[in-house]
Amino acid sequence: MSIAVVATAIAKPDRSEEFGMALRALVEPSRADDGCEMYVVHRSLDEPNTWLVYEQWASKEHLDRHLATPHLVGFLEQAPELLTADLDLKVLSIG
């Protein structure tokens, strides 16, 4: 069963560009992770400090392996200093 992930984050106003660069740096290595079907970064037009990542994974096991990769672990360690609140992460089944 495919899994979708919707991650929403609100960056600190003075760190939003830095946060966006960190998110964009995840795209290529995440798309190369086994089981990644889609990995897209979005930025709100109305609220430029609001960022959203939409991901699709072949299975929960693929997502779990992705969550343990060095590129994602490093990002998650850095993220709190760039955000106004915790990352809002929703994991959904597709279909």
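See the structure above.
About the thresholds
- Residues numbered from 1 in each chain as written.
- Predicted model: local features only at pLDDT ≥ 70, side-chain atom pairs only at ≥ 80, totals over all residues.
- Heavy atoms only, no water.
- Salt bridge = Lys/Arg side-chain N within 4 Å of Asp/Glu carboxyl O.
- Buried < 20%, exposed > 50% of the residue type's maximum accessible area, 1.4 Å probe, protein only.
- Helix = DSSP H or I, 4+ residues; strand = E, 2+ residues; numbered from the N terminus.
- Contact = heavy atoms within 4.5 Å.
- Arc of directions from axis to C-beta.

Here we take up the pattern of salt bridges. All told, the structure shown has six salt bridges when counted by the stated rule. Between Glu18 and Arg15 there is a salt bridge whose closest N-O contact spans 2.7 Å. The exposure class assigned to Glu18 is partly exposed, which follows from its relative accessible area of 32%. Classification of Arg15 by relative accessible area gives partly exposed; the value is 23%. Notably, a salt bridge pairs Arg65 with Asp34, separated by 3.8 Å at the nearest N-O pair. One end of the pair, Arg65, is in helix α2 (residues 60-67); the other, Asp34, is in the loop between α1 (16-32) and β2 (36-43), and 31 residues separate them in sequence. With relative accessibility at 47%, the residue Arg65 sits in the partly exposed group. With a relative accessible area of 56%, Asp34 lands in the exposed category. What emerges from the salt-bridge pattern is a single network uniting Arg15, Glu18 and Glu81.

Another point: the environment of Lys90. The topology assignment puts Lys90 in strand β4 (residues 88-93). Overall, the relative accessible area of 44% leaves Lys90 in the partly exposed class. The spatial distance from the C-alpha of Lys90 to the C-alpha of Thr8 is 8.6 Å, given a sequence separation of 82 residues. Sequence-distant contacts of Lys90, that is, excluding residues within four places in its chain, are made with Ala4, Val5 and Val6.

The next subject is α2. When α2 is considered as a whole, its buried residues turn out to be His62, Leu63 and His66. The arc enclosing the buried residues of α2, seen along the axis, measures out at 100°, which places them on a common side. Buried positions along α2 lie against β1 (3-10), α1, β2, β3 (50-57), α3 (70-78) and β4.

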